[in-house]
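Coordinates in review
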Amino acid sequence: MADDCEKQGSEPGKMADDYEQQGSGFWWSANGYDHWWKSLRHAYSERTTNSQYRKVNEVEMVHLMSSSEKPAQPVEYRRWKLHVFTSILVLVQLMVNITYLVTKIILYIRRHDQVFHSPWLLPILLCECAYFLCNVMSAVDHFLPELIRPKPVVKEDQIKRPTVDIFLPCCKEPVDVIRDSIRAALSLTYPKDLFRILVLDDGGDDQLEALCQDLQATTFEQRLVYLRRKKVPGVPHHFKCGNLNYGLEHSVAEYVVMMDADMILHPTFLQELIPYIVNSPEVAFVQIPQSFYNLPLGDPLNDASVMGYDRALVRRDGYHGSATCIGTGAIFRRQSLDKIGGFQPQSITEDTMTAYVLFNHGYRSVYLNEKLQMGLTPWTFEGYIKQRQRWEMGAIQQFAASWKDMLGPKSRLNFVQKCLYFWHTGYYFVSIFNIILMITLLCCLAFRLDMLVGNEEENRNVFLLLAVYLLLWRIGWPLLWVGVPQPIQSRNRDESHFWWMTPFFFSMIFKSCISFKSTYNFVPTSSIDRAAASASTGWINRVTCFKQVEQFKHLKAHILFATLAFGVVAWRVSDVVMNYGLTDCRYFFTVIGLSFFLITTSAHMLLPVFYILWPTNYKPEQRKSLLKYDAEAVPRFTREDCLPKFHRSVWFYEFLAYASLAFWMGVVLIFSTNAEAKICRISGAV
């Protein structure tokens, strides 16, 4: 598309060539930097070749292609090499995976009589095929190159400062939390006559109204506006989405900011985000990542979602501006919202729903990976689970309401965006296959079900391919986390989260199948946290151990699976050692492989149990002590305050990761050298 732009004699192509010849901006070299330069030129030409956005101005060129400081060449070159290497590794991994599946399917077809007498093999094969599709979808994010977006450098006389309304939707959050959010918003370094804060009270909170009146009186701030909408019984009010649209009815600003009630904005929030959208009509919104100041030590529940905020969204941003909205810390162009009818109420997660509708209308987004907001993650384990399940239900509702528009023939989404849209909901359905796989493999080990089909040579080839695939995955997995905050901790927390959230995701899928309408009813996270905290006033909960036992009611499935898994593994391993040894190689390798999988999976399933027994989280009464305030009682923070803190408990899971690496490396060596036959022959098995 860049070439087409130059052939047409358009100004963007000419300016890009001049810029490249001058050697300004990025430091590109013959060692592969032209790849990133072409990516930038491609993104820019995509932006400017559209007929309605062909007008180019100096500010946007500076925005796209200039930087106050040249980045160090070795750092960017290492990043480029790492991306190429990991992409090749992921591609090889997928090729081995598909080779393994094809080989296994052909074997099952050839030996269909054996498979007929071992029906439990089919659910396992189904799960393996589902995981392959899961890997393909995840690979989309890994293959996308990261767009190195320079900071806009604009002259003062060129800056266009539009009017902005900051929407602060509230629903019965603690008033002292909202007070900090309001004070931080009022102290933004942006012309005071150009922005307002609209407090959108959806909970009918008289204390909040009094707080706003008090702040207006004491600070003489007319920029602070309190709004409370009336909810007519029987008429859908669409929760937060309806509240935001009510704000749009009372706003005449050119841009609106969506933020959560507990989020504290950095003083430079508007100053940093405005240049990325004001001169780019095709950009509908600019999004920044979330960060939290009450994040538990070690981030045991994966609240930080590092892979999502610091990897996936960054790379989606580099591909046609496909990063979605995450519900807070986003500035929207009012004209774009008006074109689609405001924030979209079809789903309780109006953020991603609105983003994809905008994408489907030809708009794009900008994802700025800067820590410019900091808020609260749920205080309680129950609050965390309900929040994640609400996101899941929102994704399911979004797909049910819009899949024809997004995936149909009239959709304006490109292929990658369609994949991302599908995977946004499809990810949660992987929990179904997790359940099937864990139960089936547990039964196979417990009842000594035969899992092998064909002769020894065929089984060895299939098992070797499986071992090579899992070894490649275990080698490549850590490389995908290089450069993110706390890579060792974040990687292990993400892997554990995939397994221990399975029962919760599965239960919501089941609920949506039984009663889809009931999924539109939910309780805000703040209310769940408050209810959980008030429950501690009972006489039983005054004793710490009883408080912990009460939380285990959410983890019945986890404890049951781990107990059964450890029991079955102990039984079968002792059976091998005492009765068989290596006299039955088929039985020996089956028991060892299944036992290793069940032990590691159980360890991940037990993570929330460890979290409840040895909590590292903070209490709501500690909130203010976690913040820093200036002389005017305005909360302040730095980038370092937003990073997750390391905790030594993660080393247990890191040991499991290395044990898994060593295990599959040993399996590959044994089967590639045919050592298992030699061992069995020496033991008298053959």
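Counting restarts for each chain: residues are numbered from 1 in the order of the written sequence. At least 70 in pLDDT is required for a residue's local features to be given in this predicted model, at least 80 for side-chain atom pairs to be given and counted, and no such filter applies to totals for whole chains, interfaces and linings, which use all residues. No hydrogens and no water enter the side-chain calculation; it runs on all heavy atoms of the structure.

Formally: UniProt positions are given in the numbering used here, feature names are shortened, and annotations may be inferred rather than shown by experiment.
Identification of the chain as Glycosyltransferase 2-like domain-containing protein from Riccia fluitans is taken from an unreviewed UniProt entry. For the record of the chain, the UniProt heading Subcellular location (unreviewed entry) holds the text "Membrane".

**Re unusual backbone geometry**
This is how the line gets drawn: Every helix listed is a DSSP run of H or I at least four residues long, and every strand listed is a run of E at least two residues long, numbered separately from the N terminus. The buried label goes to any residue with under 20% of its type's maximum accessible area, the exposed label to any with over 50%, and the partly exposed label to all in between, with areas taken from a 1.4 Å probe on protein chains only.
A positive phi is found at Phe239, a non-glycine position, where the angle reads about 50°. Of note, Phe239 is situated in helix H10 (residues 239–249). For Phe239, a relative accessible area of 25% gives the class partly exposed. Residues other than glycine seldom take positive phi values, yet Ala633 does so here, at roughly 65°.

**Some points on the confidence of the model for the chain**
Cut-off, in case you're wondering: For every residue, the predictor assigns a confidence score, pLDDT, that lies between 0 and 100. Throughout, a contact is declared for two residues whenever any of their heavy atoms are within 4.5 Å.
When pLDDT is averaged along the chain, the result is 84; 81% of the residues meet or exceed 70. For residues 535–543, every residue scores under 50 in pLDDT, and the model assigns this stretch nine contacts once sequence neighbours within four places are set aside.

**Things to note about the UniProt feature "transmembrane region" (unreviewed entry) in the chain**
Under the UniProt annotation, "transmembrane region" (unreviewed entry) lies at residues 84–108, 427–449, 461–477, 497–514, 586–614 and 650–671. Helix makes up 100% of residues 461–477 and strand 0%, whereas the separation of the span's terminal C-alpha atoms amounts to 24 Å. Taken end to end, residues 650–671 has its terminal C-alpha atoms 32 Å apart, with 100% of it in helix and 0% in strand.

**Details of the pattern of salt bridges**
To keep things clear, this is the line we draw: By definition here, a salt bridge exists when the distance from a side-chain nitrogen of Lys or Arg to a carboxyl oxygen of Asp or Glu is within 4 Å.
In the structure shown here, the tally under the stated rule is 24 salt bridges. Note that Arg196 is salt-bridged to Asp165, the shortest N-O span being 3.0 Å. You can see Arg196 sitting in strand E2 (residues 195–201) and its partner Asp165 sitting in strand E1 (residues 164–170), a full 31 residues away along the chain. Classification of Asp165 by relative accessible area gives buried; the value is 3%. A salt bridge links Arg228 to Glu209; the shortest N-O distance between them is 3.4 Å. Residue Arg228 is found in strand E3 (residues 224–228), and its partner Glu209 is found in helix H9 (residues 206–219); the two are separated by 19 residues along the sequence.

**Quick notes on the sheet that holds strand E4 (residues 255–258)**
The line we're drawing: Only strands joined by at least two bridges in the DSSP assignment are considered to pair. Every angle, taken between N-to-C directions, lies between 0 and 180 degrees, and every axis is a line fitted to C-alpha atoms, over only the stretch in contact when it is a helix.
Within the open sheet, the seven strands sit side by side as E3-E2-E1-E4-E7-E6-E8. Their pairing is mixed. Lying at the two open borders of the sheet, with one neighbouring strand each, are E3 and strand E8 (364–367). In this sheet, adjacent strand axes meet at a mean angle of 25° when their direction is disregarded. In this sheet, E3 lies alongside E2 in parallel orientation, the contact comprising five bridges. Each residue of the ladder has a partner; that of Leu200, found in E3, is Leu227.

**What about the environment of Phe561?**
Among the secondary structure elements, Phe561 is positioned in helix H22 (residues 556–580). Residue classification places Phe561 among the buried positions, given a relative accessible area of 9%. Residues Phe561 and Leu598 lie 37 residues apart in sequence; the distance between their C-alpha atoms is 9.3 Å. Here Phe561 is in contact with Met438, Leu442, Leu598, Thr601, Ser602 and Met605, once residues within four sequence places are set aside.

**Topic: the packing of aromatic side chains**
Rules: Two aromatic rings from Phe, Tyr or Trp, using only the six-membered ring of Trp, form a pair when their centres are within 6.5 Å; if the ring planes differ by under 30 degrees the pair is stacked, by over 60 it is edge-to-face, and anything between is tilted. Whether a charge sits over a ring comes down to the Lys NZ or Arg CZ being within 6 Å of the ring centre and within 35 degrees of the ring normal.
Enumeration according to the criterion identifies 28 aromatic pairs in this entry. When the centroid spacing of 6.2 Å and the interplanar angle of 65° are considered together, the rings of Tyr190 and Phe195 count as edge-to-face. One exposure class covers both Tyr190 and Phe195, and it is buried. Taken together, the ring pairs in this structure connect Phe285, Phe332, Phe343, Tyr356, Phe359, Phe399, Tyr421 and Phe422 into an aromatic cluster. Taking NZ or CZ as reference, Arg572 lies 4.1 Å from the ring centre of Trp571, over its face.

**Digging into the nonpolar core**
Just so we agree on the cut-off: Buried Ala, Val, Leu, Ile, Met, Phe, Trp, Tyr and Cys residues that are joined via side-chain atoms within 4.5 Å together make up what is termed a nonpolar core.
Grouped together as the largest cluster of nonpolar side chains are 92 residues, with contacts concentrated most on Val164, Ile166, Ile182, Val199, Phe269, Leu270 and Ile331. Examining the composition of this core, we find that 10 residues originate from one element, helix H16 (residues 415–446), more than from any other. Dropping the residues within four chain positions of it, Val164 is found in contact with Tyr190, Leu194, Phe195, Arg196, Ala253, Tyr255, Val257, Leu270, Ile274 and Ile331. Formed by 32 residues, the second largest nonpolar core is a distinct cluster that contains Phe167, Phe285, Tyr356 and Met406.

**What about the pairing of E8?**
Neither face of E8 is exposed, since Arg364 and Val366 on one face and Ser365 and Tyr367 on the opposite face are all buried. Sheet topology places strand E6 (residues 283–287) next to E8; four bridges connect them, and they run parallel. Counterpart to Val283 in the pairing with E8 is Arg364.

**Describing the pairing of E6**
Here is the key point about a regular strand: its side chains alternate between the two faces of the sheet. Of all the five residues making up E6, five are buried; the element is thus mostly covered by neighbouring parts of the structure. Here three bridges tie E6 to strand E7 (residues 330–333), and the two strands are oriented antiparallel to one another. Of the residues in E7, the one forming a bridge with Gln287 is Ala330.

**Let's talk about helix H25 (residues 650–672)**
Which entries qualify depends on this criterion: Residue count minus one, scaled by 1.5 Å, sets the expected span of a helix.
Spanning 23 residues, H25 covers 33 Å between terminal C-alpha atoms, matching the ideal 33 Å at 1.5 Å per step. Within the span of H25, buried status applies to Val650, Tyr653, Glu654, Leu656, Ala657, Ser660, Phe663, Trp664, Val667, Val668 and Phe671. Directly beyond the C-terminal end of H25, a positive phi value near 60° is found at Asn674.

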